[in-house]
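Geometric and topological summary
Okay, here's what each chain looks like letter by letter:
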Amino acid sequence: MSMIHSTATQLLQELQASRLSSVEITSAYLDQIERHDPRVGAFLRFDRDAALQQARAIDERRAKGQPLGKLAGLPVAVKDLLTSTGELTTCASKILANFRSPYDSTVVAKLKAADAVLIGRTNMDEFAMGGSTENSAFQKTHNPWDLTRTPGGSSGGAAACVAASMTPLSIGTDTGGSIRQPAAMCGVTGLKPTYGRVSRFGLVAFASSLDQAGPLAWTADDAALLLEVIAGHDPRDATSVDAPVPAYSQSVRQPLAGLSLGLVREHFAAGLEPDVEQAVREAVKVYESLGATVKEISLPHSKYGVAVYYLVAPCEASSNLARYDGVHYGHRTDEAAMHAELNAKRKQLVAAGKHAEADKLESPLVELYRRSRAEGFGPEVKRRIMLGTYALSAGYYDAYYLKALKVRRLIRDDFDRAFQEVDFVIGPVSTSPAFKLGDKVDDPLAMYLMDIYTVSANLAGIAGISIPCGFSRGLPIGLQLQAKPFDEERLLRAAAMYQTATDWHTKRPTMGK
Amino acid sequence: MSNYDIIIGLEVHVQLQTATKLFCGCSTQFGAEPNTQTCPVCTGMPGTLPVMNRKAFDLAVRTALALNCQIAPFTKWDRKQYYYPDLPKGYQISQFDLPFSHDGWLEISDPKGKIEPKRLRIQRVHLEEDAGKSMHDEVAGSADSRIDLNRTGTPLLEIVTQPDMRSPAEAKAFLTELKLLLTYLGVSDCNMQEGSLRVDGNINLHVHTDAGKIATPIVEVKNMNSFRSVERALTYEAERLWDVWQESKQKLGDVPKQTRGWDDQANITRGQRHKEESSDYRYFPDPDLVPVTVSSERVAEVQSGLGELPAALRTRLETSYGITPYDSDVIVNQGRAAADYYLAVADGVADGKLASNWFQQDVLRTLNDRSLTIEQFGVPATALVALLKKIKGGELDNARGRQVFAAMLDQGLSADAAMQALGFEQVDESELVALCQEIVAANPKIVADVKGGNAKAAGSFVGMAKKKNKNVNPARVQEICLQLIAQM
Ligand SMILES: [Zn+2]
């Protein structure tokens, strides 16, 4: 097997045995990026020299017998939403196109401490808002299985770069399915941890009560390895939970006995493509053959998940994105042009005797805010800011935001009840495999409805994983397992059991050339 | 009977004296170079998160308890959203519908009799982060503004009273008592110049008419930069509101609440531009912060650690030290350190009244004349105790005592050393009696006068005794002479 088609776990063994160097591994992946990324578009930025320099330093330290971190020498790609000192963190938005972070996010700091090679920054939907990565202000990302299709989103770059063997490990973020859905569409493994498992410090907020960073990789073993490094309590994130981090990578291969799975009645309704349903039902049979018991369960409030999500997330986003106003950092409108225009308009009105209208012109400050934000944000971000601003306005708050919070609680209660009956909830990740680029750009509602199987985990704060479970017309299909909070250890073992019995996760797209 | 009642409520913002800011580790020290006390968190950099400073919260609870407030067992943080360049996140972390404390009171009184003692209710006290400072550079002719974010994130306590004040003097008395309380607690230096205490007032009139009392529209008065200007601004505004009422007969609800700014130079309030859009702050719970729970045990613990507050100290001085309400008020109002000085002196000399007289007439006067604080005062309490014991014991009279005090103050001497320097010696009792015998014997005419009922005549013995020995205690001389005459 070629180097770039190995798993991270295999590569780590090679590194530790000094059969391969980090420079060799990193070079191989960099070659792959240079060869294929012009057509895939997974990376917003990568720097060959900087990556090789990190690799060389780690190789030297290994040669000297110095202690090394858990990921020593392994390339990891990072979604362009997590800050890294001195580096651009654009969130795929024009408004942050020139923003260099003065500090490391906790996830990046942990990766550095684990001696990972930070190979590049991946593309995404602007501020993680979207399900196709088409909302990036900078470029499209193409699905490595079919370049005419989207990789899913918002962590489309993070999933595509793993699928295209440009990196063994990748960090994404998941607010309503943004790790699991692109993982499914790109045929890789992606895990959304329990809310509070991974620090959000330095994860540029989209929806604070939903955002979680998590791993994308080929296998559950590799996801376990990466999660083990980034998880843990962080005193700088008040919502991170002080619970011990199990050695996921050590236990991941231990099968679970007496596994019980819940198949959600509401998941198998109209809208689910037959191929996807077929693949999921086949996967259930695999688990049964491994000794699992399967029962049908109900999550009665899951049907409100998308509606609740599209209130809670935009409300929080409208507030979180208020800081991008052109004053302190990021994009600012051309002030000279603005002043010239305002003055000309005022003169014109005064000359025409329209003094009242002249008085109504906005102050330069308000105009600076308006223009900077109008120029800096893309349409989907603006749509959500408007939705959230509206829903939080006086007179609407109770009917929208407060009600959404109440239903959110009911959704969590549904899961609590379910997990008293079963270990994991099993089902599809998305209604269909990857769709064509441009297909849903003009239909935001259709795009939102794609999140139907994933948003509930974020609303309930529980863990979820997407693993490859088949193909439909050459396009990967994902299987979702959801676990109760802080049950990642068993969730990863359940995923690994499936991957031991199947080989869907070993399939690689043919990249051509 | 007057034509109207004045109704006043106050909103007071107080910066809490913490080492670090409310949601990050930056220093809160005043006066540093602009933007040097900042970090990614308080400058609102993408991806940063606030983490509550437990110490600031504890200080806030301490203050609220001292204001007799109820402490909420569960409280949360909300985002107050508006755009301004000195607010880098586009929202201020504050408390909206569940403040950490509510329903307290503070008692005001004035032994000088200007206002009646009164308990003023406090509606709520909540904690929030301060914004930065904008400096508008209009002098240079450019439209540039400069922003200093050093203050951003400093813990700020907002104290909202009920509209319980009935005169500007009461408003001033409330602020004075509040400031005293806060300094006793050590939670704030209450420096209005440095902005660590800021006051807005809400005022309207209840006009007496044949049809009963009618409330006029409420006006919010801002930009009051001292307690004195609070009193003046509210006095001005009450008169203005009366004029407006007579002209317009506008009632509460007829017009939106108006905001006016006090101009300290011109002695008037001016209307500030009404901004309709500023009213909707779109408050919602901050998802970055977890709610705070406060157990009743914790409340009891803080309560028991409050120490003696001004009101209790005043009562103790009156009952245990035998001084008048007026005197206790003067002493307590000097602040905790000065009151402690008084207590040390009074305890040491075991005479509250004597200590009170000397504290007010000599110590306080010196502090005022020389613009000193009690901490800078050169005579330690123990030294003053030694002096007052000599006065109380008859070794010194008040006049010589003051001379000794002056020497102690200026030369940093102990009472004994000062007396020595001044050549004051205690005269031995037997020596004193002998001296008195001598002058009584030498002055039969005066003795006869005294015997004839003119006790005052004995006063002339004092001068004679002093000529013979300047260190004699005049009162004692008179006493002994009278005794000798009585025995004759
Ligand atoms: Zn700071």
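Residues numbered from 1 in each chain as written. Chains lettered and ligands numbered in written order. Predicted model: local features only at pLDDT ≥ 70, side-chain atom pairs only at ≥ 80, totals over all residues.

1. Quick look at the overall build of chain B
- Across its full length, chain B carries 15 helices and 17 strands.
- The C-alpha radius of gyration of chain B comes to 31 Å, more than 25% above the 23 Å expected for a compact globule of 488 residues.
- Its C-alpha atoms give chain B principal-axis dimensions of roughly 95 × 60 × 55 Å.
- Residue burial in chain B is summarised as follows: out of 488 residues, 38% are buried.
- Within chain B, contacts between residues separated by at least 24 positions form 69% of all contacts whose residues are at least 6 apart in sequence. (Helix = DSSP H or I, 4+ residues; strand = E, 2+ residues; numbered from the N terminus. Rg over C-alpha atoms; globule rule 2.2 N^0.38 Å. Buried ≥ 20, exposed ≤ 12 C-beta atoms within 10 Å, placed from the backbone. Contact = placed C-beta atoms within 7 Å.)

2. Description of the domain arrangement of chain B
- Examined at the domain level, chain B breaks down into domain 1 (4-297) and domain 2 (429-487).
- Placing a centre on the C-alpha atoms of domain 1 of chain B and another on those of domain 2 of chain B gives a separation of 68 Å. (Domains from an automatic or database assignment.)

3. Points about the environment of B:Cys24
All names here are of chain B.
- With respect to the secondary-structure elements, Cys24 resides in the loop between β1 (4-15) and α1 (54-66).
- Its 22 C-beta neighbours within 10 Å are what place Cys24 among the buried residues.
- C-alpha separation for the pair Cys24 and Asp254, spaced 230 residues apart in sequence, amounts to 45 Å.

4. Digging into helix α13 (residues 444-451) of chain B
Residue and element names in this part refer to chain B.
- Here α13 has its buried residues at Ile446, Val447 and Val450. Projection of α13 onto a plane perpendicular to its axis shows the buried side chains occupying an angular sector of 105°, all on one side. Opposite its buried face, α13 presents the exposed residues Pro444, Lys445 and Ala448, each directed more than 90 degrees away.
- Tucked into the core, α13 has its buried residues touching α12 (429-442), α14 (459-468) and α15 (474-487).
- Gly453 lies just past α13 and shows a positive phi near 110°. (Arc of directions from axis to C-beta.)

5. Regarding the sheet that holds strand β10 (residues 463-472) of chain A
Residues and elements named next belong to chain A.
- With mixed pairing, 11 strands are arranged side by side in an open sheet as β1-β3-β2-β4-β6-β5-β10-β11-β9-β7-β8. A strand with exactly one partner marks an edge of an open sheet, and here the two such strands are β1 (43-46) and β8 (293-297). In this sheet, adjacent strand axes meet at a mean angle of 30° when their direction is disregarded.
- Strand direction decides the pairing type here: strand β9 (residues 424-428) and strand β11 (residues 475-483), joined by 5 bridges, are antiparallel. (Pairing = 2+ DSSP bridges. Axes fitted to C-alpha atoms, helices over the stretch in contact; angles between N-to-C directions.)

6. Some words on the packing of helix α5 (residues 310-320) of chain B against helix α6 (residues 325-332) of chain B
All names here are of chain B.
- The N-to-C vectors of α5 and α6 enclose an angle of 135°; their axes lie 9 Å apart at closest approach. By the criterion of interaxial angle, the relationship of α5 to α6 is oblique. The two elements α5 and α6 cross, and the hand of that crossing is right-handed. Contact with α5, carried on its side by Pro310, Leu313, Arg314, Leu317 and Glu318, involves Pro325, Ser328, Asp329, Ile331 and Val332 of α6 and no other residues of that element.
- For the contact of α5 with α6, the residue count by class is 6 nonpolar, 1 polar and 3 charged. (Parallel < 35°, antiparallel > 145°, perpendicular 65-115°, else oblique. Left-handed = near helix turned anticlockwise from the far one by under 90°. Nonpolar A, V, L, I, M, F, W, Y, C, P; charged D, E, K, R; others polar.)

7. Re the environment of A:Val425
Residue and element names in this part refer to chain A.
- Relative to the elements of secondary structure, Val425 occurs in strand β9.
- Spatially, the C-alpha atom of Val425 lies 6.1 Å from that of Leu263, the residues being 162 residues apart in sequence.
- In this structure, Val425 is in contact with Gly262, Val264, Ala418 and Gln482, ignoring residues within four places of it in sequence.

8. A short note on unusual backbone geometry
- The linkage connecting A:Gly153 with the following residue, A:Ser154, adopts the cis geometry, with an omega of 10°.
- Mapped onto the elements, A:Ser154 comes out in the loop between β3 (117-122) and α5 (156-163).
- In this structure, B:Asn68 takes a positive phi of about 60° despite not being glycine.
- The residue B:Asn68 is located in the loop between α1 and β2 (70-71) in this model.
- For B:Asn68, a count of 16 C-beta atoms within 10 Å corresponds to the partly exposed category.
- Of note in this structure, B:Asn223 is not a glycine but carries a positive phi near 60°.
- Within the element layout of this structure, B:Asn223 appears in strand β13 (residues 219-224).
- Residue B:Asn223 is classed as partly exposed on the basis of its 18 C-beta neighbours within 10 Å.

9. Considerations on the packing of α12(B) against α15(B)
Residues and elements named next belong to chain B.
- Viewed as axis vectors pointing N to C, α12 and α15 meet at an angle of 60°, and their least axial separation amounts to 9 Å. Classified by the interaxial angle, the pair formed by α12 and α15 is oblique. The interaxial crossing formed by α12 with α15 has right-handed handedness. Of the residues in α15, those touching α12 at Leu432, Val433, Cys436, Gln437 and Val440 are Arg476, Val477, Ile480, Cys481, Leu484 and Ile485.
- Counted by class, the contact of α12 with α15 contains 9 nonpolar, 1 polar and 1 charged residues.

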